[in-house]
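Coordinates in review
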Amino acid sequence: MSTLLRVALGLLVGLVLGTLPFVHFRHGAGRHDAAPGDLHATHTH
Amino acid sequence: MARADRGDPWAWALGVFGLVNLANAAWMLAAPADWYARLPAAVPDTGPFNAHFVRDVGSAFAMMGAALIAGAVWPAWRVPALAVTALFYVLHAVVHVTDTLAGRLPPSHWVIDLPGVYLPAAVVVALTAVAARTSR
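Let us look at the structure shown here.

Quick notes on the rules
Residue numbering note: each chain is counted from 1, following its sequence as written. All chains are assigned letters beginning with A, and all ligands numbers beginning with 1, in the order in which they are written. Owing to the predicted nature of the model, reporting of local features is limited to residues with pLDDT of at least 70; listing and counting of side-chain atom pairs is limited to 80 or more, with chain, interface and lining totals taken over all residues. Secondary structure elements follow DSSP: runs of H or I no shorter than four residues count as helices, runs of E no shorter than two count as strands, and numbering proceeds from the N terminus. Buried residues are those with 20 or more other C-beta atoms within 10 Å of their own C-beta, exposed residues have 12 or fewer, and partly exposed residues lie in between; C-beta atoms are placed from the backbone. Residues are defined as contacting one another if the C-beta atoms placed from their backbone atoms lie within 7 Å. In these notes, a nonpolar core means any group of buried Ala, Val, Leu, Ile, Met, Phe, Trp, Tyr and Cys residues linked to one another through C-beta atoms within 7 Å. To estimate how far a helix should reach, multiply one less than its number of residues by 1.5 Å. Arc, as used here, means the arc of the directions from the helix axis to the C-beta atoms. Note on method: axes are straight lines fitted to C-alpha atoms, helices fitted across the in-contact stretch only, with angles between N-to-C directions ranging 0 to 180 degrees. Orientation categories follow fixed angle ranges, with anything under 35 degrees roughly parallel, anything over 145 roughly antiparallel, 65 to 115 roughly perpendicular, and all other angles oblique. Here a crossing is called left-handed whenever its near helix is offset anticlockwise from the far helix by less than a right angle, and right-handed whenever the offset is clockwise. Asp, Glu, Lys and Arg are counted as charged, while Ala, Val, Leu, Ile, Met, Phe, Trp, Tyr, Cys and Pro are counted as nonpolar; the rest, among them Gly, fall into the polar class.

Observations regarding the overall build of chain B
Summing up its helical and strand segments, chain B has five helices and zero strands in all. Along its sequence from the N terminus, chain B presents helices and strands in the succession α-α-α-α-α. Of all 136 residues assigned to chain B, the portion counted as buried reaches 40%. Excluding contacts between residues fewer than 6 apart, the proportion of contacts in chain B whose partners are at least 24 apart in sequence is 70%.

This is the structure:
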């Protein structure tokens, strides 16, 4: 494998793994959708 | 201590993953309210905002980011850095599983937490196993 390909593979793995938690992946809302500034959202059982 | 080769894919993967962990840590430490409201993971479902606790968790992300970058630069650090990161990610995933099973998080979190909690934990565990095997 060429050096460029190995570097690209490493970058891809790091980027995908690192950015997964920031992926917007919501098809159903939770109990509460917080708006910016709405800092005291609580459970609404 | 020997440094990683520039063409070493492990160095790039750990370096980028470490930087993203550090960026998340910086966000949590510098602007916890913004992180709480804007992270696309329905964080408010877990309970009311607490700046101190967000910064506590941000400290853990800072530690993992620093360890991963050390693993990127020095191959001898690679497996220990990945192992402690995997430990955090797995424990974090267990907390989400137990909270969702117990009803402390709504069932929608099975899907919401898939990309940000469960998948990263599985991938980091797999990477740790591969790194440990190849480092022998």
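So, next bit.
A few points about the environment of Val111 of chain B
Residues and elements named next belong to chain B. Here Val111 is to be found in helix α5 (residues 109-134). For Val111, a count of 12 C-beta atoms within 10 Å corresponds to the exposed category. Put simply, Val111 and Ala41 are 70 residues apart on the chain and 10.0 Å apart in space, counted from C-alpha to C-alpha.

Examining the nonpolar core
Core analysis: the biggest nonpolar cluster contains 31 residues, and Leu14, Phe17 and Leu68 of chain B have the highest contact counts within it. Ranked by the residues each element gives to this core, the list is headed by helix α1 (residues 9-30) of chain B, at ten residues. When neighbours within four sequence positions are excluded, Leu14 of chain B is seen to be in contact with Gly14 of chain A together with Leu68, Gly71, Ala72, Arg78 and Ala81 of chain B.

Topic: helix α1 (residues 3-19) of chain A
The end-to-end C-alpha separation of α1 of chain A is 24 Å, in line with the 24 Å expected for 17 residues at 1.5 Å each. If you check which residues of α1 of chain A are buried, you get Gly10, Gly14, Leu17 and Gly18 of chain A. Down the axis of α1 of chain A, the buried side of the element spans an arc of 100°, and every buried residue falls inside it. Facing away from the buried side of α1 of chain A by over 90 degrees, the exposed positions are Leu4 and Leu5 of chain A. Residues of α1 of chain A that are buried in the fold lie against α1 and α5 of chain B.

Section: unusual backbone geometry
At Ala42 of chain B, a residue that is not glycine, the phi angle is positive and equals roughly 50°. The residue Ala42 of chain B is located in the loop between α2 (32-38) and α3 (51-73) in this model.

Brief notes about the packing of helix α4 (residues 78-101) of chain B against α5 of chain B
Residues and elements named next belong to chain B. Orientation of α4 relative to α5, taken along the N-to-C sense of each, is 150°, at an axis distance of 8 Å. Relative to α5, the element α4 lies roughly antiparallel. Every pair of crossing elements has a handedness; the one defined by α4 and α5 is left-handed. The residue inventory of the contact of α4 with α5, partitioned by class, reads 17 nonpolar, six polar and two charged.

Concerning the environment of Val124 of chain B
All names here are of chain B. With respect to the helices, strands and loops of the structure, Val124 is situated in helix α5. Taking the C-alpha atoms as reference points, Val124 and Ala67, 57 residues apart in sequence, are found 14 Å from one another. In this view, Val124 contacts Leu82, Thr85, Ala86 and Tyr89; residues no more than four positions away in its chain are not counted.

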